[in-house]
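# An overview of the molecular structure
These are the residues of each chain, in order.
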Amino acid sequence: SDMFLLPLDPNHMLLDNYDSGAQDFEVYRVGKDGMPTLNTQEQASSGDENLTLEVVEVDNVEDFLEAIQPGATIKMKPGYYNLSDYIEKIWSEQGEEWNQKHPYVELYECWDGGIEVAIQDVQDLSIFADLEGAVVTELVVETRAGSVLNFEDCNNIFLHGLTMGHTQDGACDSSVISFLNTSNVYLTAM
């Protein structure tokens, strides 16, 4: 009776007992009896695609970007994730080559020379913070002209417990999160 549901769709949702003090999330689906059923390694059908609903734990920017795909559930370990440190290095070394190898994540240059991340053509994506103790999970970029995360042509996006922003003080020249042609977005705090 102390359970609260944060639905994305019947085959991909997160369930957490907020009253228990436990901070772990698990991926569930709606079972045949209408009740939540644990779904960590099972297959679920969403449209014409079969999605593996396992939780991927990440503790660095590279692993985070590599984990982004349709149906992904990404649990970010507590810490400070400076996206700019990684993506600017990758862009200077690989540029468009990196983009060609990553169909769901694109890097591109902002007007101020900084690099942005665009998550594209993804559905049923969950990104949430591992809420261990009082440690924050923070995603930042150094450019003031770019968003921390851009979502383009996406559907069913769930972001929970993340702190996001720009590293430079003062007014920003762009949003922190941008959504273009994206629907069913769920933003929740801790």
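This structure is a prediction, so every number in the text was calculated from the model and none was measured. Every chain begins its residue count from 1, and numbering advances along the sequence as written. Reporting in this predicted model follows two pLDDT cut-offs: at least 70 for local features of residues, and 80 or more for side-chain atom pairs to be given and counted; totals over whole chains, interfaces and linings ignore these cut-offs and use all residues. To get the side-chain values, take all heavy atoms of the structure and skip hydrogens and water.

### Some remarks on the sheet that holds strand β7 (residues 55-58)
The line we're drawing: Strands were regarded as paired on the criterion that DSSP finds at least two bridges between them. Numbering of helices and strands runs from the N terminus; a helix is a DSSP stretch of H or I covering at least four residues, while a strand is a stretch of E covering at least two. Geometry is summarised by axes, namely lines fitted to C-alpha atoms with helices restricted to the contacting stretch, and by angles between N-to-C directions that run from 0 to 180 degrees.
Here five strands make up an open sheet; going across it, the order is β7-β8-β12-β15-β18 and the pairing parallel. Strands at the two margins of the open sheet, each flanked by one partner only, are β7 and β18 (183-188). On average, each strand axis in the sheet is tilted by 15° relative to the strand beside it, whichever way the strands run. As defined by bridge partners, strand β12 (residues 123-129) adjoins strand β15 (residues 155-160) across five bridges and the pair is classed as parallel. Residue pairing across strands places Q123 opposite N155, the latter belonging to β15.

### Describing the nonpolar core
Threshold: Nonpolar cores were defined as sets of buried Ala, Val, Leu, Ile, Met, Phe, Trp, Tyr and Cys residues, with membership established by side-chain atoms within 4.5 Å. Type-normalised accessible area, obtained with a 1.4 Å probe on protein chains alone, sets the label of each residue: buried when under 20%, exposed when over 50%, and partly exposed for intermediate values.
By size, the foremost hydrophobic cluster in this structure holds 36 residues, and its most contacted members are F64, L65, I74, L125 and L149. The element best represented in this core is helix α2 (residues 83-93), accounting for five residues.

### Describing unusual backbone geometry
In this model, N181 sits at a positive phi of 50°, which is unusual for a non-glycine residue. Following the sequence through the fold, N181 ends up in the loop between β17 (177-180) and β18.

### Regarding the side chain of N156
Going by this rule: Side-chain atoms alone can form a polar contact between residues adjacent in sequence; in general such a contact is a pair of N or O atoms within 3.5 Å, and within protein one must be able to donate a hydrogen while the other accepts it.
If you trace the backbone, N156 turns up in strand β15. When its relative accessible area of 8% is taken as the criterion, N156 is described as buried. Among the polar contacts listed, one links the side chain of N156 to the side chain of D124, at a separation of 2.9 Å.

### A look at the pattern of salt bridges
Where side chains of opposite charge bring their charged atoms close, a pairing between them can arise. Let me state the cut-off plainly: Definition used for salt bridges: Asp or Glu carboxyl oxygen within 4 Å of a side-chain nitrogen of Lys or Arg.
What the rule picks out here adds up to three salt bridges. A salt bridge links E57 to K77; the nearest nitrogen and oxygen atoms lie 3.7 Å apart. Of this pair, E57 sits in strand β7 while K77 sits in the loop between β8 (73-76) and β9 (79-82), and the two are 20 residues apart along the sequence. Residue classification places K77 among the partly exposed residues on the basis of a relative accessible area of 23%. Linking D130 and K77 is a salt bridge whose minimum nitrogen-to-oxygen distance equals 2.8 Å. Taken as a pair, D130 in the loop between β12 and β13 (137-141) and K77 in the loop between β8 and β9 lie far apart in primary sequence, 53 residues in all.

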